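# Working through the structure, step by step
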Amino acid sequence: MRKKWIAAVGLSVFMVTAGAGCGAKEQDSQVAAIEQEPLEDGSEEQNAETEEETEKESADRQQETGKPESGETEQLDGNVRGIGDNGIVIIKVKTEELEDGVSLAIQPASGNETAEDYVDVNFTDDTTFELHVVKNGGVNPDEDVTVKEASISDIVGDMSVTLEGYYDGEVFVAGKVVLYEFV
């Protein structure tokens, strides 16, 4: 049991370390806020129409670029539980910081998952994939981790993943997918 716990903590530390390296990328761009000028006659009906047009333009821009207007992205860690044609279902892995800079990855035990633990993930045409092949538990990241270009066909069940993207309602839209294969 102690060996399993040590292996789990080691894996957790590696995932957090690898995820922190992936998160160092700067944001692509900042979107400036749009200021609306008040209408000359102050009509509430015209203000409502202007708000609807602005919301529609924002939704159109998000659909065209594949990103929310704010440009903000999040990182999400998990394990693959289902694979579809253009997406996956994962169980979220939560990270808890312990004393002395140690991080612990927490995931519900098999059979104890709730609906809140699952996240639907969609991919876009612009989603990029990387495969990190990890040997020796990733003790020496420079030597033990090999990074390769990957695709959706490289995803297998129960694989660890780190996703960068944004939530569109309840669905996470991934712009970058990092797959981990432990050998």
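All figures in this text were calculated on a predicted structure; none of them were measured in a lab. Per chain, residues are indexed from 1 in the order of the written sequence. The predicted origin of the model limits local features to residues at a pLDDT of at least 70 and limits the giving and counting of side-chain atom pairs to 80 or more, whereas totals for whole chains, interfaces and linings rest on all residues. Hydrogens and water molecules were not included; the side-chain quantities draw on all heavy atoms of the structure.

We now examine the overall build of the protein chain. The helix and strand labels rest on DSSP assignments: H or I over at least four residues marks a helix, E over at least two residues marks a strand, and numbering proceeds from the N terminus. Along the backbone of the protein chain there are 3 helices and 8 strands. In the protein chain, the succession of helices and strands from N to C terminus is α-α-β-β-β-β-β-α-β-β-β. Relative accessibility under 20% of the residue-type maximum defines a buried residue, over 50% an exposed one, and the middle range a partly exposed one, all with a 1.4 Å probe and only protein chains included. Within the protein chain, the proportion of its 183 residues that are buried is 28%. In the protein chain, of all internal contacts separated by at least 6 residues, the share reaching a separation of at least 24 is 59%. Contacts are assigned to residue pairs that have any heavy atoms within 4.5 Å of one another.

One recurring pattern in soluble globular proteins: nonpolar side chains tend to sit buried together. Among buried residues, the Ala, Val, Leu, Ile, Met, Phe, Trp, Tyr and Cys ones that are joined through side-chain atoms within 4.5 Å form a nonpolar core. Among the nonpolar cores identified, the biggest contains 19 residues, and Ile90, Val121, Phe123, Leu163 and Leu179 are the most heavily contacted of them. Per-element tally for this core: the top contributor is strand β5 (residues 118-134), with 6 residues.

Within the element layout of this structure, asparagine 79 appears in strand β1 (residues 74-83). Relative accessible area serves as the criterion here: at 10%, asparagine 79 is assigned to the buried category. Separated by 2.9 Å, the side chains of asparagine 79 and serine 160 make a polar contact. Those residues in contact with asparagine 79 that sit more than four places away from it in its chain are Val89, Ile90, Ile91, Val93, Gln107, Asp158, Met159 and Ser160. We call two N or O atoms a polar contact when they sit within 3.5 Å, provided that within protein one can donate a hydrogen and the other can accept it, with sequence-adjacent residues counted only if both atoms are side-chain atoms.

Right, let's talk about the packing of aromatic side chains for a bit. The criterion for an aromatic pair is that two Phe, Tyr or Trp rings (for Trp, the six-membered ring) have centres within 6.5 Å, with stacked assigned to planes under 30 degrees apart, edge-to-face to planes over 60 apart and tilted to the rest. Considering all chains together, one arrives at 3 aromatic pairs under this definition. Seen from their ring centres, phenylalanine 123 and phenylalanine 129 are 5.1 Å apart, and the 80° between their planes marks the pair as edge-to-face.

Any two strands between which DSSP finds at least two bridges are classified as paired. Looking at chain direction, β1 and strand β2 (residues 87-92) are connected through 5 bridges and run antiparallel. Paired with asparagine 79 across the strands is isoleucine 91, a residue of β2. As consecutive antiparallel partners, β1 and β2 are separated by 3 residues.

With respect to the helices and strands, glutamate 130 occurs in strand β5. What makes glutamate 130 partly exposed here is its relative accessible area of 23%. Sequence separation between glutamate 130 and valine 177 is 47 residues, and the spatial gap between their C-alpha atoms is 6.3 Å. Dropping the residues within four chain positions of it, glutamate 130 is found in contact with Val147, Lys148, Ala150, Lys176, Val177, Val178 and Leu179.

We now examine the side chain of aspartate 77. Within the secondary structure, aspartate 77 sits in strand β1. Under the convention used here, Asp and Glu are negative, Lys and Arg are positive, and both His and the chain ends fall outside the count. Salt bridges are counted wherever a side-chain nitrogen of Lys or Arg sits within 4 Å of a carboxyl oxygen of Asp or Glu. No salt bridge is formed by the buried aspartate 77; the nearest opposite charge belongs to lysine 176, separated by 11 Å. Of the polar contacts made by the side chain of aspartate 77, one reaches the side chain of threonine 162; its length is 2.8 Å.

So, about the confidence of the model for the protein chain. Values of pLDDT, which run from 0 to 100, indicate the predictor's confidence residue by residue. On average, the protein chain scores 75 in pLDDT, and the residues at 70 or more come to 61%. Every residue in residues 13-40 is under pLDDT 50, and counting partners more than four places away or in other chains gives 32 contacts.

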